[in-house]
Amino acid sequence: MDLSQICIVLCRPEESRNIGAVCRAMANSGLGRLRIVGRREDYDGQKVRVLAIHSAYIWEAAQFYDSITQATTDCSFVAGTTRRPGKRRKDKLLLPEELAAQAAHVPGGAVVFGNERTGLTDRELEECTMGVTIPSHKDFGSLNLSHAVQVVGYALYRAATLHSPGSTPVTMRRLDGTVRIIADDLQKIGFFSVTGRDDMERFWRGILSRAALSEGECKYMEKIFNKAAGLAQRHWQEE
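A. Just the packing of aromatic side chains, in detail. Overall, the coordinates contain three aromatic pairs when judged by the stated rule. Relative to tryptophan 204, the ring of phenylalanine 203 has its centre 5.7 Å away and its plane inclined at 80°; by these criteria the two rings are edge-to-face. The exposure class of tryptophan 204 is buried, given its relative accessible area of 19%. A centroid spacing of 5.5 Å and a plane angle of 85° characterise the contact between tryptophan 204 and phenylalanine 225, whose relative ring orientation is edge-to-face. With tryptophan 204 in helix H9 (residues 197-211) and phenylalanine 225 in helix H10 (residues 215-238), the pair connects residues that are 21 residues apart, well separated along the chain. Here the two residues tryptophan 204 and phenylalanine 225 agree in accessibility, since each one is buried. The ring of tryptophan 59 is capped by arginine 40, whose NZ or CZ atom sits 4.8 Å from the centre of that ring.

Structure (structure tokens):
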């Protein structure tokens, strides 16, 4: 993953100081591309710099847009942050680690954070291609804007800087092939009904993407499930 190609998008932020704190969180994570849905003249640059400290350069280079769509036209994915799943708010929300695992296989993308008080609206989230959530206690689920950026930034930084010696993780397209084989074999032995297959595939996709499997590991896992399904079917034929 090339962190220089990841954009942090702030949608309608209210507090100039919060923007400064976001700049610092971005610098901690090796992120430098800040885009803001709003107008530069609506913010107090001095207040931004006070909280940004040595990362004010991120604010100086920030770009401003009228909408999330305009701010992300050059991005491969657009992940909107939200606490609440739902039909209009993305049925499936990724954890920061899952987002980072997916981001590792695409050239660049954006993570969008909403207004400090209201978060992203349903309409704004519809402009995003996926949803990401940061688990927090049910009695106090709202995170400070810069803290949310820090958590997601940390996950992206870790994914970009952790490497297994001699092993290159497969792409999501290749991993999906392994997931299909696992699901096919489980279905052959009656492990789940046809209606349960989608949930099973999402389960395996999430786990295996976090494992960052190599090509050899994918093939070995496919071999295990193929052999297990074959043995089960042979056992039934002998009975």
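B. Local environment of the nonpolar core. Counting 37 residues, the largest nonpolar core has Ile8, Leu10, Leu34, Leu99, Phe113 and Leu156 as the members making the most contacts within it. For this core, the element with the most residues is helix H7 (residues 145-161), which contributes seven residues. In this structure leucine 10 touches Ile19, Val22, Leu34, Arg35, Ile36, Val37, Phe113 and Leu145, once residues within four positions along its chain are discounted.

C. Molecular detail of the sheet that holds strand E1 (residues 6-11). On the basis of which strands lie adjacent, the open sheet formed by seven strands has the order E3-E2-E1-E6-E4-E7-E5 and parallel pairing. At either end of the open sheet lies a strand with only one pairing partner, and these are strand E3 (63-65) and strand E5 (93-94). Packed onto the sheet, helix H1 (residues 16-28) meets E1 and strand E2 (33-37) and runs at close to 155° relative to E2.

Calculation notes
Residues numbered from 1 in each chain as written. Predicted model: local features only at pLDDT ≥ 70, side-chain atom pairs only at ≥ 80, totals over all residues. Heavy atoms only, no water. Phe/Tyr/Trp six-rings, centres within 6.5 Å; stacked < 30°, edge-to-face > 60°. Buried < 20%, exposed > 50% of the residue type's maximum accessible area, 1.4 Å probe, protein only. Helix = DSSP H or I, 4+ residues; strand = E, 2+ residues; numbered from the N terminus. Lys NZ or Arg CZ within 6 Å of the ring centre and 35° of its normal. Core = buried A, V, L, I, M, F, W, Y, C linked by side-chain atoms within 4.5 Å. Contact = heavy atoms within 4.5 Å. Pairing = 2+ DSSP bridges. Axes fitted to C-alpha atoms, helices over the stretch in contact; angles between N-to-C directions.

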